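# Overview (structure and organization)
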Amino acid sequence: MTDASDRSSGEKALVLFSGGQDSTTCLAWALDRFAEVETIGFDYGQRHRVEMSCRLPVREAVRAMNPAWAARLGEDHVVDLSVLGAISESALTRDTEIAMTASGLPNSFVPGRNLAFLTFAAMVGYRRGARHIIGGMCETDFSGYPDCRHEFVQSMQQTLNIGMAHDFELHTPLMWIDKAESWALAQSLGGDALVRLIVEETHTCYHGDRTHRHDWGYGCGTCPSCALRAQGYQRFIAA
Ligand code: ZN
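Residues numbered from 1 in each chain as written. Predicted model: local features only at pLDDT ≥ 70, side-chain atom pairs only at ≥ 80, totals over all residues. Heavy atoms only, no water.

## Some details on the packing of helix 2 (residues 50-65) against helix 7 (residues 179-201)
For the pair helix 2 and helix 7, interaxial distance at closest approach is 11 Å and the crossing angle is 165 degrees. As judged from the angle between their axes, helix 2 and helix 7 are roughly antiparallel. Crossing geometry of helix 2 relative to helix 7 is assigned as right-handed. Only Gly190, Ala193, Leu194, Leu197 and Glu201 of helix 7 make contact with helix 2, whose side of the interface consists of Cys54, Pro57, Val58, Ala61, Val62 and Met65. (Axes fitted to C-alpha atoms, helices over the stretch in contact; angles between N-to-C directions. Helix = DSSP H or I, 4+ residues; strand = E, 2+ residues; numbered from the N terminus. Parallel < 35°, antiparallel > 145°, perpendicular 65-115°, else oblique. Left-handed = near helix turned anticlockwise from the far one by under 90°. Contact = heavy atoms within 4.5 Å.)

## Structural notes on the packing of aromatic side chains
Taken as a whole and judged by the stated rule, the model has six aromatic pairs. Note on phenylalanine 42 and phenylalanine 117: the rings are 4.3 Å apart at their centroids and 10 degrees apart in plane angle, and the pair reads as stacked. Separated by 75 residues along the polypeptide, phenylalanine 42 in strand 2 (residues 36-43) and phenylalanine 117 in helix 5 (residues 113-128) bring together distant segments of the chain. Of the two residues, phenylalanine 42 and phenylalanine 117, both sit in the buried class. Their ring planes at 20 degrees and their centres at 6.3 Å tell us that tryptophan 183 and phenylalanine 236 sit as a pair that is stacked. Here phenylalanine 236 lies in helix 8 (residues 224-238) and tryptophan 183 lies in helix 7, a separation of 53 residues in the sequence. As far as burial versus exposure is concerned, tryptophan 183 and phenylalanine 236 are alike and both buried. Taken together, the ring pairs in this structure connect Phe42, Tyr44 and Phe117 into an aromatic cluster. The side chain of arginine 213 reaches across the aromatic face of tyrosine 218, ending 5.9 Å from its centre. (Phe/Tyr/Trp six-rings, centres within 6.5 Å; stacked < 30°, edge-to-face > 60°. Buried < 20%, exposed > 50% of the residue type's maximum accessible area, 1.4 Å probe, protein only. Lys NZ or Arg CZ within 6 Å of the ring centre and 35° of its normal.)

## Section: the coordination of the zinc ion
Bound to the zinc ion on the protein side are Cys205 (SG), Cys220 (SG), Cys223 (SG) and Cys226 (SG), at distances that span 2.3 Å. Around the zinc ion sit four donor atoms, and with donor-metal-donor angles ranging over 106 to 118 degrees the site reads as tetrahedral. Counting gaps between the donor residues of the zinc ion yields the pattern C-x14-C-x2-C-x2-C. Remark: cysteine 220 occurs in the loop between strand 7 (217-218) and helix 8 and cysteine 205 occurs in the loop between helix 7 and strand 6 (213-214); sequence separation between them is 15 residues. (Donors = N, O, S within 2.8 Å, 3.2 Å for Na, K, Ca; no water. Tetrahedral: all angles 85-135°; square planar, octahedral: opposite > 155°, others 65-115°.)

## Some thoughts on helix 7
Spanning 23 residues, helix 7 covers only 17 Å between terminal C-alpha atoms, well under the ideal 33 Å at 1.5 Å per step. By the largest-angle criterion, glycine 190 marks the main kink of helix 7, which is about 125 degrees. Capping the start of helix 7, aspartate 178 holds a side-chain oxygen 3.1 Å from the backbone nitrogen of alanine 180, two or three residues further along. (Expected span 1.5 Å × (residues − 1). Bend = angle between axes of the 7 residues up to and from the residue. Polar contact = N/O pair within 3.5 Å; in protein donor to acceptor, adjacent residues only side chain to side chain.)

## Some points on the sheet that holds strand 4 (residues 132-134)
The pairing of strands in a sheet comes from backbone hydrogen bonds and takes either a parallel or an antiparallel form. With respect to topology, five strands assemble into an open sheet ordered 3-2-1-4-5, the strand pairing being parallel. If you trace the sheet from one side to the other, it starts and ends with strand 3 (73-80) and strand 5 (169-171), each paired once. Sheet twist, expressed as the mean angle between neighbouring strand axes with direction ignored, is 25 degrees. Pairing analysis gives five bridges linking strand 1 (residues 12-16) to strand 2, with the strands arranged parallel. Bridge pairing in strand 2 links leucine 14 to glutamate 38. Relative to strand 3, helix 2 is tilted by about 175 degrees, and along the sheet it contacts strand 2 and strand 3. (Pairing = 2+ DSSP bridges.)

## Thoughts on the environment of methionine 156
Summarising the element assignment, methionine 156 is placed in helix 6 (residues 150-164). Along the backbone, methionine 156 and leucine 115 are 41 residues apart, and their C-alpha atoms lie at a distance of 7.6 Å. Methionine 156 has contacts with Leu115, Leu118, Thr119 and Leu170, leaving out every residue within four places of it along the chain.

## Notes on the pattern of salt bridges
Per the counting criterion, the structure on display carries 12 salt bridges. A salt bridge links glutamate 38 to arginine 128, with the shortest nitrogen-to-oxygen separation between them at 2.7 Å. In this pair, glutamate 38 sits in strand 2 while arginine 128 sits in helix 5, placing the two residues 90 residues apart along the sequence. Take arginine 128: its relative accessible area is 24%, and that puts it in the partly exposed class. Each member of the salt-bridge network shares a partner with another, and the members are Glu11, Arg131, Asp167 and Glu169. (Salt bridge = Lys/Arg side-chain N within 4 Å of Asp/Glu carboxyl O.)

This is the structure:
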């Protein structure tokens, strides 16, 4: 599901783009393969606005990196899903500490989030003529989020195609790789320039911290997201 065929390389793709490390790597992956690439982001009442505010600067930095990519990068779409924040109890949308819950999932889990994101992405993709949808879901370090699993993405592709009588292809280039391999994938797609861009411009910290600068980028350095990013970067540098 992750390799675009020769037939599809001339087509349009839509990337779920949050301005974080994973979705920025996915954007580069798509720009490397598809003739036209648009981005979509979701405003769902994230506690920290920094993620939404990183999106456009990251997009512009990616555009400036590579003239071929600049020619392929098209429109950005932002969908207001503030209803998600209103109906879900999550540490990403409420002012609580990240912790494990009785269900074995961290309380950063927003039930149905990727279900909603992929559905709205498909609705926009349908209208925009983009049948390829790219997401950063990853089963290797997925914190147990059920909607990051390969099985879910496969099932979602089938459901979208049945429900919309369409032929969407969902691509998840990060599904089977860990964070160290994600840094390596970014380097293979855009060299040291893309690695530097991800360090300087992207944001993944759960606490929205952009005051502490580490060799792997900005963040609090202690939340689960920072810990993953830092460990992955150290292993990437050591490799
Ligand atoms: Zn953090």
